[in-house]
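Summary of structural features
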Amino acid sequence: MNQSEMQKLGFENVRYYYPSGTESPYNRGESSANAATTSNYYGEDEPYVEITLDIHDDSVSVYGMKSPDHRGAGSIYEDQSLLRQGRSGRSNSVLKRLASSVSTELKRVASSVSSSSARKPPRPQIARLRRSKSRAELALKGLKFITKTDGVTGWPEVEKRFYVLTMTTNGLLHRSKFGECIGIKSTEFALALFDALARRENVSGDLINMNELKEFWKQITDQDFDSRLRTFFAMVDKDSDGRLNEAEVREIITLSASANELDNIRRQADEYAALIMEELDPYHYGYIMIENLEILLLQAPMQDVRDGESKKLSKMLSQNLMVPQSRNLGARFCRGMKYFLFDNWKRLWVMALWIGAMAGLFTWKFMEYRKRSAYQVMGVCVCIAKGAAETLKLNMAMILLPVCRNTITWLRTKTKLSAIVPFDDSLNFHKVIAIGISIGVGIHATSHLACDFPRLIAADEDEYKPMEMYFGPQTKRYLDFVQSVEGVTGIGMVVLMTIAFTLATTWFRRNKLKLPGPLKKITGFNAFWYSHHLFVIVYSLLVVHGFYVYLIIKPWYKKTTWMYLMVPVVLYLFERLIRAFRSSVEAVSVLKVAVLPGNVLSLHLSRPTNFRYKSGQYMYLNCSAVSTLEWHPFSITSAPGDDYLSVHIRVLGDWTKELRSLFSEVCKPRPPDENRLNRADSRDWDNIPNFPRILIDGPYGAPAQDYKKFEVLLLVGLGIGATPMISIVKDIINHLKGVEEGSNRRQSPIHNMVTPPVSPSRKSETFKTKRAYFYWVTREQGSFDWFKNVMDEVTETDRNNVIELHNYCTSVYEEGDARSALITMLQSLNHAKHGVDVVSGTRVMSHFARPNWRSVFKRIAVNHPKTKVGVFYCGAAGLVKELRHLSQDFSHKTSTKFIFHKENF
């Protein structure tokens, strides 16, 4: 194999070593001077790697790889892409490619020594290969036993823990406390590491002192890759014979799977152990050596090969992102204000309009009552009370509008108002108005109870006389005011609103507040749901309170409370009637049910004829067998082109637990495999069970429905938050299928006709999306079963790589950690051989730990300059701040504009 061929595999220079007495075919007939020149060219000061090739008859296989010189602290082992296969799943591994490439050269050598090797195992031939410097970092980063995720900063912290843990054991640390002391959470892995180090250091028993622990720590944190490799090998090699048999490999697979919470891999440990032995022991010696293990451990994901222009853009982008802070406070303030206005102008004008309306109403009433006779008795307090009351009327009317979901869905879908109105923030605006109501109630009630009533009681007869027409004869009892219709209705509203507002807070609604015993029932979603329906009583009391209002003597139709409330209340009641009508006119039937890993219930429902929706939207579900009143929202996971509706429900609260229980009981007599679905097909159901009745209401608009407006998408889902993104991915896949089928029809001579023009309404729905990046981050390995069929369909259908899938399993330690090293090796081997990822069970290779979101945004900015990127996120609120900040930061400092949309649950 010549030098250019070796460079294709990532090596710059190659030098062959032949057995003693064997002449290189390339040196035959050459002068000694030429040989010397060759020797000088590949001088011994050049770094190189020894690769051991096993020659057997007419076949050549790579037997091992090591460095003769370890002075570089393992830096020559940095080729991260030697064995790892990409998404395309090319056959077998680079080892076989390398063996095939050098077979011609080494067959000549093998022929010269074949007679002497007939009676013994084939003698390994060694070729030394010099790697490029760009591939010289993996060993320094790989196979680490302690990483930043363990929370250990160094030996001083370990020493402190040692003293705490050995206070009662006379300075001796027990084996069971070793993991806790050094910061390894996996007990089984820590025990195996302890045993390996104890064997290497000839430590007997289960107790170690401070000096022995320090020696253990040095080996664990050794920067030399070979030292860490020997420690890892010792963990596997329980009998210390320098060889690993299949049972030992199976044991370390089980150990690694337990440390990373990968139950599926632990259950298939026998299969994966056989796979490793098949790859590293092709001639069935029954064991593998440390050199064999080293080859597969020194691997990493394929990195994107960028051209010179992409590298240049990436470098310029990095420099642009590191903008130095100006020392001029005024300039910094102006720049920050400019960015703030640019990012929030929709919210700002809505808030300004709302605050301006409240300020205007308050000022109007304040000035009006300053001119009234009541001002002479109650002073400025009555002006403040009446001004606050007027803002309360406005807010009690407006608070209903953000929850009129049908109206908002129609406005954002059928009109252009979404260009200036932030419909995505409707629930946040609902909460802001609730805060405004709380402030208004506090001001109004305090002004009356603490100021106006005491002044009326303390007024003399002449001062009070103008008030008789409003309050009747003067009373000296404070309770007379409180016990009036106005007082009772006002206090009643305050009490009910306090209950509703309190139970709607995050601490109560999400069960974050731990209460003892029976008090637990006042927390959770059910308490929030039912307490919020107290608004019916509140609005009834508000109308009565407004009819008997103080200091106003007018016919009821001239009083303003009902005027404020009429339109929003009628609109809200109309929406509730629509829900009842839609859910009862055309009932849905349950097509399929699946109870999936991770406590997820999957329902496939028949799709009503007039049910039109967009990917990313959601609908409400009601199950009368659980509760006739409760409706719960769930994202639609099917695509608009599907003939069914599907939802995936994470079992968390009381309602979802009861729903899962009901369907589990119905499905119990059926074989388990029939409950695990890939697609809805009613033809599979000859004997449909008596499923609980399900009612649906929707669809309703959500932030993710606007994805078609962007050419490039960044879809991010955390756990069950992937549901709206899955619908979008499926919709893109259906679109790609439609385009391909249309292209095939146009090329077919049978369909040689003019394509009809697209209608204006259809043009507005035309796909703009040309590229989509989907990042799904989940902790549980079983979660990937939820949408396994979708992932596989993408890899089969998306031939133009429109969709780029990235699955992250956060329970697995990051790449480079010793606890995940074997998982990485298995992942590469299994994907290369079978095309299936061992973590997700799909054809998409999974990543470990959490994504580096800044790198994700940077890569998209480099690949798509001068482009608007739609960033859609659904999941827990913890990641919202980081993604929003990155979207703003890259939008301000690059030509790529990231438009962030979020949906929390």
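Here the structure is a predicted model, which is why all the values come from computation and not from measurement. (Residues numbered from 1 in each chain as written. Predicted model: local features only at pLDDT ≥ 70, side-chain atom pairs only at ≥ 80, totals over all residues. Heavy atoms only, no water.)

Defined simply, a disulfide is a covalent bond joining two cysteines at their sulfur atoms. On inspection of all chains with the given rule, the structure shows one disulfide. Through a disulfide, Cys 381 is tied to Cys 451; the S-S separation comes to 1.8 Å. Across the S-S bond of Cys 381 and Cys 451 the torsion is about 70 degrees, and the bridge reads as right-handed. Of the two residues, Cys 381 is situated in helix α17 (residues 380-398) and Cys 451 in helix α19 (residues 426-458); the sequence distance between them amounts to 70 residues. The two residues Cys 381 and Cys 451 agree in class, both being buried. The thiol sulfur of Cys 383 is not disulfide-bonded, and the nearest other cysteine sulfur, from Cys 381, lies at 8.9 Å. (Disulfide = S-S within 2.5 Å. Helix = DSSP H or I, 4+ residues; strand = E, 2+ residues; numbered from the N terminus. Buried < 20%, exposed > 50% of the residue type's maximum accessible area, 1.4 Å probe, protein only.)

All right, on to a negative patch on the surface then. Taken together, the side chains of Asp 460, Glu 461, Asp 462, Glu 463 and Glu 468 make up a negatively charged region of the molecular surface. A total of three residues in the negative patch trace back to one element, the largest contributor, which is helix α20 (residues 461-464). Mapped onto the elements, Glu 461 comes out in helix α20. (Patch = residues over 30% accessible without salt bridge, like charges linked within 9 Å, V, L, I, M, F, W, Y side chains within 5 Å. Areas by Shrake-Rupley, 256 points an atom, 1.4 Å probe, with all protein chains shown as cover. Salt bridge = Lys/Arg side-chain N within 4 Å of Asp/Glu carboxyl O. Lys, Arg positive; Asp, Glu negative; His and termini not counted. Charge placed at Lys NZ, Arg CZ, Asp CG, Glu CD.)

To continue, consider the sheet that holds strand β7 (residues 590-596). Within the open sheet, the three strands sit side by side as β7-β8-β11. Their pairing is antiparallel. Each edge of the sheet is formed by a strand with only one pairing partner; in this case those strands are β7 and β11 (644-650). The average undirected angle you get between the axes of adjacent strands in this sheet is 15 degrees. Running at roughly 110 degrees to β7, helix α28 (residues 654-667) makes contact with β7, β8 (600-606) and β11 of the sheet. (Pairing = 2+ DSSP bridges. Axes fitted to C-alpha atoms, helices over the stretch in contact; angles between N-to-C directions. Contact = heavy atoms within 4.5 Å.)

Mapped onto this numbering, the UniProt entry annotates "transmembrane region" (unreviewed entry) at residues 348-367, 487-508 and 528-550. The span residues 348-367 carries 100% helix and 0% strand; its end-to-end C-alpha distance comes to 28 Å. Taken end to end, residues 528-550 comprises 78% helix and 0% strand; its first and last C-alpha atoms sit 33 Å apart. (UniProt positions renumbered as here; feature names shortened; annotations may be inferred.)

The grouping of Val 485, Val 544, Phe 547, Tyr 548, Trp 556, Tyr 557, Trp 562, Met 563, Met 566, Val 567 and Val 570 at the surface amounts to a nonpolar patch, some 1,000 Å² of accessible area in total. Element by element, the count of residues in the nonpolar patch is highest for helix α27 (residues 561-585), at five residues. Relative to the helices and strands, Tyr 557 resides in the loop between α26 (535-547) and α27. Since its relative accessible area comes to 45%, Tyr 557 is described here as partly exposed.

A general feature of soluble globular proteins is that nonpolar side chains tend to end up buried together. If you look at the biggest cluster of nonpolar residues, it comprises 95 residues, and the most contacted ones within it are Phe 178, Ile 182, Leu 213, Ile 253 and Phe 774. Considering every element that reaches this core, the biggest residue donor is helix α7 (residues 187-200), with eight residues. Leu 392, Ile 433, Met 497 and Leu 542 belong to the second largest nonpolar core, which has 24 residues in total. (Core = buried A, V, L, I, M, F, W, Y, C linked by side-chain atoms within 4.5 Å.)

An order of β10-β9-β12 is seen for the three strands of this open sheet, with the pairing classed as antiparallel. Each edge of the open sheet is held by one strand with a lone partner, namely β10 (632-635) and β12 (694-700). The sheet shows a mean angle of 30 degrees between the axes of neighbouring strands, taken without regard to direction. Judged from the five bridges that link them, strand β9 (residues 618-623) and β12 form a sheet pairing that is antiparallel. Residue pairing across strands places Tyr 620 opposite Asp 697, the latter belonging to β12.

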